[in-house]
Amino acid sequence: NKDQRTRLERWLGILPAATIAQHAELLLAQAWVAELSRADSQTVLATLDQAQALVDQMVDQPERARPLQGEINTVLSIEKTFAANDPASTVSLTTYALKAMPATWYVARSESWLWLAIAHLMLGELDQAYAALAAAQREDVAEMGAPRARNTGAAGFVHWMAADLSLLLQVSQVTAAV
């Protein structure tokens, strides 16, 4: 949750593949590294399938399974958005993810907010895209109270996609100030 992907990738490289395959959390870490490195979709989806199988077995641990399901949904929503063939599913996946993951899971939540906004944009729902961005920006406060720019930067991306240059300028000024 601290945006240290390269460190995470090194640590995962130390662990035996059999160990990773036994833990949904480690499989999800591996899926995030693959997704954010833009590995091929088959690798990401296969890793998510493995994690999903383990989460599905956690019927007696709903407090553990629910946020992990949210995280699976978040990574899956990224894949669905890049496929650009089912933005309605991305809305459903990210909406669940945001309800399931605790507020302290900042990085995963910010990814969910971004892909939720993009899915609404793809559906022609600009007002809902902007509402998602506004909700995300309310979460842009770190544990120590310092502002974080991940969600604000994501807003710039969505404003650029929507060709809203005046809001893009405002967002870039706010991001630069952070």
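Structure: above.
Conventions we followed
Residues numbered from 1 in each chain as written. Predicted model: local features only at pLDDT ≥ 70, side-chain atom pairs only at ≥ 80, totals over all residues. Heavy atoms only, no water. Helix = DSSP H or I, 4+ residues; strand = E, 2+ residues; numbered from the N terminus. Rg over C-alpha atoms; globule rule 2.2 N^0.38 Å. Buried < 20%, exposed > 50% of the residue type's maximum accessible area, 1.4 Å probe, protein only. Contact = heavy atoms within 4.5 Å. Areas by Shrake-Rupley, 256 points an atom, 1.4 Å probe, with all protein chains shown as cover. Lys, Arg positive; Asp, Glu negative; His and termini not counted. Charge placed at Lys NZ, Arg CZ, Asp CG, Glu CD. Axes fitted to C-alpha atoms, helices over the stretch in contact; angles between N-to-C directions. Parallel < 35°, antiparallel > 145°, perpendicular 65-115°, else oblique. Left-handed = near helix turned anticlockwise from the far one by under 90°. Nonpolar A, V, L, I, M, F, W, Y, C, P; charged D, E, K, R; others polar. Expected span 1.5 Å × (residues − 1). Core = buried A, V, L, I, M, F, W, Y, C linked by side-chain atoms within 4.5 Å.

Chemist: Account for the overall build of the chain, naming residues and giving values.
Modeler: The secondary structure content of the chain amounts to 10 helices and zero strands. Taking 16 Å as the expected radius of gyration for a compact globule of 178 residues, we find that the chain reaches 17 Å, a close match to that expectation. Its C-alpha atoms give the chain principal-axis dimensions of about 50 × 35 × 30 Å. The burial tally for the chain puts 42% of its 178 residues in the buried class. Expressed as a percentage of contacts within the chain between residues at least 6 apart in sequence, the contacts between residues at least 24 apart total 57%. Accessible surface, the chain: about 9400 Å² in total, of which carbon and sulfur atoms supply 58%. Here the chain contributes 13 positive and 19 negative side-chain charges, whose respective centroids are spaced 6 Å apart.

Chemist: Got a sec to walk through the packing of helix 4 (residues 41-56) against helix 5 (residues 62-83)? Specific residues and values, please.
Modeler: The relative placement of two packed helices is expressed as an angle between their axes plus a distance between the axes. Closest axis-to-axis distance for the helix 4/helix 5 pair is 10 Å, and the angle between their directions is 160°. The angle between the axes of helix 4 and helix 5 places the two elements in the roughly antiparallel class. The crossing of helix 4 and helix 5 is left-handed. For the pair helix 4 and helix 5, contact is made by S41, V44, L45, L48, A51, Q52 and V55 and by A65, L68, Q69, I72, V75, L76 and E79, respectively. The class makeup of the residues in the contact of helix 4 with helix 5 is 10 nonpolar, three polar and one charged.

Chemist: Help me get a handle on helix 7 (residues 106-122), residues and values and all.
Modeler: Given 3.6 residues to a turn, an α-helix orients residues that are three or four positions apart in the same direction. Its 17 residues place the ends of helix 7 24 Å apart at the C-alpha level, agreeing with the 24 Å of an ideal helix rising 1.5 Å per residue. Within helix 7, 16 of the 17 residues are buried, which leaves it mostly tucked inside the rest of the structure. Where helix 7 terminates, the next one or two residues include G124, which has phi positive at roughly 80°.

Chemist: I'd like a rundown of the nonpolar core, residues and numbers included.
Modeler: Core analysis: the biggest nonpolar cluster contains 44 residues, and L48, V55, W113 and V158 have the highest contact counts within it. If you tally residues by element for this core, the top one is helix 7, at nine residues. Contacts of L48, omitting those with residues within four sequence positions, involve L28, A31, I72, V75 and L76.

Chemist: Run through the packing of helix 3 (residues 24-36) against helix 5, naming residues and quoting values.
Modeler: Two elements in contact, helix 3 and helix 5, have axes separated by 11 Å at closest approach and are oriented at 20°. In terms of axis orientation, helix 3 runs roughly parallel to helix 5. The two elements helix 3 and helix 5 cross, and the hand of that crossing is left-handed. The residues of helix 5 that touch helix 3, namely those facing A24, E25, L28, A31, W32 and E35, are R64, L68, E71, I72, T74, V75, I78, E79 and F82. Counted by class, the contact of helix 3 with helix 5 contains nine nonpolar, one polar and five charged residues.

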